[in-house]
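Chain by chain, the residues run as shown.
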Amino acid sequence: MTPFEQTNFYLAKAFAVANLGADVERMLLTPRRELQVKLVVQLDSGAFKTFTGFRVQHDNARGPFKGGIRFHHEVNLDEVRSLASLMTWKTAVVDIPFGGAKGAVLCKPAELSANEKQRLTRALVRALHEVIGPDKDIPAPDVGTSASEMGWFVDEFELLHGFAPGVVTGKPLALGGSLGRDAATGRGTLFAIREILRLAGAGEIAGKTFAVQGFGNVGAWAARLIAAEGGRIVAVSNSRTGVYNQNGIDAESLWLTYQKGEKSFAAGAGEPITNAELLAVDCDVLVPAALGGVLTAENAGRVRAKYIAEAANHPVTPEADEILRKRGVLLIPDILCNAGGVTVSYFEWVQNAQRATWTELKVNAELELKMAEACRSVWSLSQEAKVDLRTSAFLLAIQRVVAATRLRGFH
Ligand code: NAD
């Protein structure tokens, strides 16, 4: 299945319960706009290179389109379409007034200088500026982009349209970024795990064991915050290496190594393990926080965790989802589990609109309210409709998008 087919596979399961009719279903599956742009950029060598960019605007019934921009050499339109659709459902699950979008530029960011990335970002803004804006479509960082690109993005957009800090989120603090954005997806994952464990009658995070795949922005924050709440991190990995220690790994010392960018990740923290072994570690909660498609039909049978918190986007294939569900593993779906990032992006957009700055305490407290409320709504709908949490999350999101669409009137 392609990424877009995977997303639509899950939507189809929710459609089977929602009973909306073929016309509405088709409308929900179809992106409103798909742009492909060609960006001619001068490299530091003086030569010109043409890059291909995409922006898919999936749905805006509940508010402006919202979603990140990825710089990666392997991305394609199908994947961008899938990620744009996921954003529609993610923003609806946490009930923030946005729709869904995603963008990408085919490039190898590691091979571009900062000046080249700046020229590429500015070229992208010039190509997209008529269809984006604080009330139209609000990009953000994604794989291969960061606050730096968002700073250049807002500057180029403002050269064309005047002051408009809300045109992108994930900006540097000095340009209107929000406190707490860095930690937001990992923190949201913590809140989702905490709430779902309680709702499942499984108690608290303290005393439970966790395996975290990926120690980047999301995985590192999730691991640190889980450990701070008394959870025991027994396994951690990144793209190069992994470590296992049944007595617990000190997430703070790993964090120091990560911040220094050291390659000797986790040296001395426990026994080395591979990423494949990490997924099968004996623990209460497995947190895939790296890539999509890591749990498949081939390895799902070896998972020993009782809970899986999908901090990454689509880490579980539909085939693995089926196997894990039959084995009684409770999955916290990505559109709920990792929605903390876009939620704090929304807080950033609100602060920009209000010309206000929230304290980190306020950001985190509001995030907890949003995540806990979303978890409770997904949980009660799953009980009511007798479906798993993923189907329930899609069902809740669909209901909200359809309600907004109907009230606008079909035309
Ligand atoms: P990141 O680049 O900061 O970190 C990714 C981590 O995964 C790194 O530790 C990297 O070494 C590791 N990794 C890469 N390839 C791997 C492999 N083959 N096996 C094991 N580990 C591997 O990225 P991030 O921002 O932490 O994002 C992680 C995931 O979360 C992605 O799926 C992303 O789409 C999703 N996500 C991120 C955010 C956010 O706010 N950053 C929001 C929602 C979803």
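Look above for the structure.
Below is a short write-up of the structure. (Residues numbered from 1 in each chain as written. Predicted model: local features only at pLDDT ≥ 70, side-chain atom pairs only at ≥ 80, totals over all residues. Heavy atoms only, no water.)

1. Some points on unusual backbone geometry
Within the chain, His-314 stands out as a residue other than glycine whose phi angle is a positive 30°. For His-314, the position within the fold is in the loop between strand 12 (307–309) and helix 10 (318–326). Residue His-314 is classed as buried on the basis of its relative accessible area of 16%. Its identity is not glycine, yet Lys-386 carries a phi of approximately 55°, on the positive side. Its location among the elements puts Lys-386 in the loop between helix 13 (360–385) and helix 14 (389–408). Note on Lys-386: relative accessible area 72%, which makes it exposed. (Helix = DSSP H or I, 4+ residues; strand = E, 2+ residues; numbered from the N terminus. Buried < 20%, exposed > 50% of the residue type's maximum accessible area, 1.4 Å probe, protein only.)

2. Describing the site of the ligand
Surrounding the ligand, one finds 18 residues, the nearest of these being Thr-185, Phe-215, Asn-217, Val-218 and Ser-239. Between the ligand and Asn-217 there is a distance of 2.9 Å, counted from an oxygen atom to a backbone nitrogen or oxygen. Within the contact set of the ligand, a nitrogen atom lies 3.2 Å away from a side-chain nitrogen or oxygen of Asn-275. If the ligand stood free it would expose 820 Å²; the protein chains cover 71% of that surface. Class assignment for the residues of the shell around the ligand results in seven nonpolar, 10 polar and one charged. (Near = heavy atom within 4 Å. Polar contact = N/O pair within 3.5 Å; in protein donor to acceptor, adjacent residues only side chain to side chain. Areas by Shrake-Rupley, 256 points an atom, 1.4 Å probe, with all protein chains shown as cover. Nonpolar A, V, L, I, M, F, W, Y, C, P; charged D, E, K, R; others polar.)

3. Concerning the sheet that holds strand 5 (residues 100–106)
In space, the four strands of this open sheet follow the order 1-2-5-4, with mixed pairing throughout. Only two strands of the sheet have a single partner each, and these edge strands are strand 1 (33–42) and strand 4 (69–72). Direction aside, the axes of adjacent strands within the sheet are offset by 20° on average. Pairing analysis gives four bridges linking strand 4 to strand 5, with the strands arranged parallel. Paired with Phe-71 across the two strands is Val-105, which belongs to strand 5. This element, helix 3 (residues 77–93), spans strand 1, strand 2 (48–59), strand 4 and strand 5 of the sheet and lies at about 150° to strand 5. (Pairing = 2+ DSSP bridges. Axes fitted to C-alpha atoms, helices over the stretch in contact; angles between N-to-C directions. Contact = heavy atoms within 4.5 Å.)

4. Comments concerning the environment of Gln-57
Looking at the secondary structure, you find Gln-57 in strand 2. Apart from residues no more than four positions distant in its own chain, Gln-57 is found in contact with Pro-31, Arg-32, Arg-33, Phe-65, Gly-100, Ala-101, Val-131 and Asp-137. Engagement of the side chain of Gln-57 in a polar contact is seen with the side chain of Asp-137, the distance being 2.7 Å.

5. What about the packing of helix 1 (residues 3–18) against helix 3?
Two elements in contact, helix 1 and helix 3, have axes whose closest approach is 7 Å; the angle formed by their N-to-C orientations is 30°. In this view, helix 1 runs roughly parallel relative to helix 3, as classed from their interaxial angle. In this structure, helix 1 uses Pro-3, Phe-4, Thr-7 and Leu-11 to contact helix 3, whose residues at the interface are Asp-78, Glu-79, Arg-81, Ser-82, Ser-85, Leu-86 and Trp-89. (Parallel < 35°, antiparallel > 145°, perpendicular 65-115°, else oblique.)

6. Points about the packing of aromatic side chains
Within the structure shown, the criterion is met by 10 aromatic pairs. Taking 5.8 Å as the distance between ring centres and 90° as the angle between the ring planes, the aromatic pair formed by Phe-215 and Tyr-258 counts as edge-to-face. Here Phe-215, found in the loop between strand 7 (209–213) and helix 7 (217–228), pairs with Tyr-258, found in helix 8 (residues 251–260); they are 43 residues apart in sequence, far enough to count as distant. For Phe-215, a relative accessible area of 5% puts it in the buried group. Judged by its relative accessible area of 33%, Tyr-258 falls in the partly exposed class. (Phe/Tyr/Trp six-rings, centres within 6.5 Å; stacked < 30°, edge-to-face > 60°.)

7. With respect to the pairing of strand 1
Successive side chains on a regular strand alternate, one facing one side of the sheet and the next facing the other. Summarising the sheet, strand 1 and strand 2 pair through 10 bridges and their orientation is antiparallel. Of the residues in strand 2, the one forming a bridge with Leu-39 is Phe-51. Hairpin connection of strand 1 to strand 2: five residues between the antiparallel strands, including Gly-46 at a positive phi of 100°.

8. Some thoughts on the environment of Phe-210
Positionally, Phe-210 belongs in strand 7. Relative accessible area serves as the criterion here: at 0%, Phe-210 is assigned to the buried category. It is 5.6 Å that separates the C-alpha atoms of Phe-210 and Cys-283, two residues lying 73 residues apart in sequence. Dropping the residues within four chain positions of it, Phe-210 is found in contact with Ile-193, Ile-205, Ile-226, Gly-231, Arg-232, Ile-233, Val-234, Ala-235, Cys-283, Val-285 and Val-287.

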